[in-house]
Amino acid sequence: SLDDATLGCEASDALHHHRRTERGRRAVLSCGALLPASLRGIEKATSKAAQLYAAIAPTLPQTRRYGSVDAFAADLLPLLEAAEARWKERAAGENRAATAFRPTMMVQGVAGLTPQGRVVERPARQIQGTGSQFGVDVAPLDGRSLVFQADGKVLAKFGAKLVYFVEGQPHRVAVPADLEPAMSRARWLARGAGGGFAVVGPKDLILVRGGKLWAAALPNPGKVGDVQAVFSDGRVLGIVTAGTEDTDDVPEFWQTSDGVTWSAPSELAIRGEIRSIASGPFGFSAVGAASNGKSARAVHLAFNGQVTIPKVKDFSPLDLVVCGAGREAWAAGVNVLVRLERDAAIAEPCPMLGTPSALALDLVGQPWLVTDKVVYRRHSDGGEPSWKRYYQREEGAALVGIGFTPAGAQVFDASAGVVEIEPHDIATWQRH
């Protein structure tokens, strides 16, 4: 058979990297639209997959040009997705990473409380006072109503209205009148299944692609609990639904790659409320609160369905989680920040000021924490972790979300104002 490790890991990385943007996806597909007419040189390849192809290539039909990128994608993507799924399951069973989706570079050598870097504040002049332009009063943003793209574009949900920021300029996305009630009820904005965006409420799902919006169905309408958390990596959309009597009060995790067909659910093995879920190279990490709302709960779900439960009951509820490039993850709640390992949780020192609103990895694999007033980044000083302050706000709108490009970090506040942070190590970002 094919070398699953080579094929599966490369398929996973290709899908993750090239489907981040529609331009990147179409570019890689168009490169493959013309299949090679010659096999010269392939006999020197060392991978088992290439050697197998070289052996059977003479018996294959004559190569041809696909009529369109979409036609090529229809043949290629199912093969890559099957290889990715097979490799993820095998990697989990072998205790190996399914993909190296980010580098990890420790940030060191910065003295003082505030690392060197450039900070620029841009008030939300383009939104405030423009109610007539958008035809609405601007509702405040929160951390769940923003989606940051790798090219710097940002989609934001203000109540029942959508605004797309391109190079800082707002462009209203028309919402059909019949979808406005569901849009108002929605609590999460995420990247869609296989492209576009998704707007998710406790009982609603709206898909957005190419400027068009339409209602889609959640899994088993009327038979599952309300949505508690949303996950998306730009290819797969996932939701966590609350436990019911049928599931013995255990939350369930559902996934879809097209917004229509949902996979069978995975039980998250803990009773309580899931508030956030993220993925890493070994699987998913989810955090939340016990049923009584007084203590934390957390669970790791490997790609092959194996479950491990870190010991977090001594901490207060956790609201946010982000996975690192290894087995570690970081989770935050009010006045609590912990590093999650396979079966343990270790508190990390952070002079937290305010309520956490976002956790995310930057382009070199380091986590950032945003509270309503402060932006932190994790450093390693002599091997010991520390969370250093990169920006602090004494008054004004609350900080709600963060995204990254090779130019630096972009922090949004509740009024759509922006804080641009160029870290001292920006040169390393620009190589990624």
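Model, not experiment: these values are computed from the prediction. (Residues numbered from 1 in each chain as written. Predicted model: local features only at pLDDT ≥ 70, side-chain atom pairs only at ≥ 80, totals over all residues. Heavy atoms only, no water.)

### A short note on the overall build of the protein chain
When helices and strands are tallied, the protein chain shows seven helices and 28 strands. Out of the 432 residues belonging to the protein chain, those deemed buried represent 49%. Taken as a whole, the protein chain presents about 20,600 Å² of accessible surface, with 51% of it coming from carbon and sulfur. (Helix = DSSP H or I, 4+ residues; strand = E, 2+ residues; numbered from the N terminus. Buried < 20%, exposed > 50% of the residue type's maximum accessible area, 1.4 Å probe, protein only. Areas by Shrake-Rupley, 256 points an atom, 1.4 Å probe, with all protein chains shown as cover.)

### Digging into the sheet that holds strand S7 (residues 197-200)
Across the sheet, four strands lie side by side as S6-S7-S8-S9; this open sheet has antiparallel pairing. Each edge of the open sheet carries a strand with a single partner, namely strand S6 (188-191) and strand S9 (212-216). Between one strand axis and the next, the sheet turns through 25° on average, direction left out of account. Pairing of strand S8 (residues 205-209) with S9, which is carried by five bridges, proceeds in the antiparallel orientation. Across the sheet, Val-208 pairs through a bridge with Leu-213, a residue of S9. (Pairing = 2+ DSSP bridges. Axes fitted to C-alpha atoms, helices over the stretch in contact; angles between N-to-C directions.)

### Here we look at the pattern of salt bridges
The final tally for this structure, using the stated rule, is 17 salt bridges. We note a salt bridge from Glu-420 to Arg-122, for which the minimum N-O separation is 2.9 Å. Of this pair, Glu-420 sits in strand S28 (residues 418-423) while Arg-122 sits in strand S1 (residues 117-122), placing them 298 residues apart in sequence. Assessed through its relative accessible area of 24%, Glu-420 is described here as partly exposed. Among the residues examined, Arg-122 registers a relative accessible area of 43% and is labelled partly exposed. (Salt bridge = Lys/Arg side-chain N within 4 Å of Asp/Glu carboxyl O.)

### Concerning the pairing of strand S15 (residues 283-289)
Of all seven residues in S15, seven are buried, a share of seventy percent or more. Note: strand S14 (residues 273-280) against S15, seven bridges, orientation antiparallel. From the neighbouring strand, Ser-279 faces S15, where its bridge partner is Phe-284. Here S15 runs beside strand S16 (residues 296-302); their pairing, made up of seven bridges, is antiparallel. Each residue of the ladder has a partner; that of Ser-285, found in S16, is His-300. Hairpin geometry of S15 and S16 is characterised by an intervening segment of six residues between the two adjacent antiparallel strands and by a positive phi of about 75° at Gly-293.

### Considerations on the sheet that holds strand S13 (residues 266-267)
Taken in spatial order, the four strands make up an open sheet running S10-S11-S12-S13, and their pairing is antiparallel. Only two strands of the sheet have a single partner each, and these edge strands are strand S10 (227-232) and S13.

### Notes on the side chain of Ser-145
Mapped onto the fold, Ser-145 is located in the loop between helix H5 (131-134) and strand S2 (146-148). Among the polar contacts made by the side chain of Ser-145, one reaches the main-chain carbonyl oxygen of Asp-142 at a distance of 2.9 Å. (Polar contact = N/O pair within 3.5 Å; in protein donor to acceptor, adjacent residues only side chain to side chain.)

### A closer look at the nonpolar core
Within the largest apolar cluster, 19 residues are counted, with the highest numbers of intra-cluster contacts made by Trp-368, Val-375, Ile-402, Phe-404, Val-411, Ile-421 and Trp-429. When contributions to this core are tallied by element, the ones reaching two or more residues are strand S22 (356-361), strand S23 (367-371), strand S25 (384-392), strand S26 (399-405), strand S27 (408-413), S28 and helix H7 (426-429). It is S26 that provides the largest number of residues to this core, a total of three residues. Among the nonpolar cores identified, the runner-up in size contains 16 residues, and Leu-162, Val-173, Leu-179 and Ala-186 belong to it. (Core = buried A, V, L, I, M, F, W, Y, C linked by side-chain atoms within 4.5 Å.)

### Some remarks on the packing of aromatic side chains
Geometrically, a pair of aromatic rings is defined through the distance of the ring centres and the angle of the planes. With the rule as written, the count across this model stands at 11 aromatic pairs. Ring plane angle 70° and centroid distance 6.2 Å describe the contact between Tyr-164 and Phe-197, whose orientation is recorded as edge-to-face. Here Tyr-164 is found in strand S4 (residues 161-166), whereas its partner Phe-197 is found in strand S7, with 33 residues between them in sequence. With a centroid separation of 5.2 Å and 90° between ring planes, the pair formed by Phe-231 and Phe-284 is classed as edge-to-face. (Phe/Tyr/Trp six-rings, centres within 6.5 Å; stacked < 30°, edge-to-face > 60°.)

Function cannot be read off these values alone, since they describe shape.
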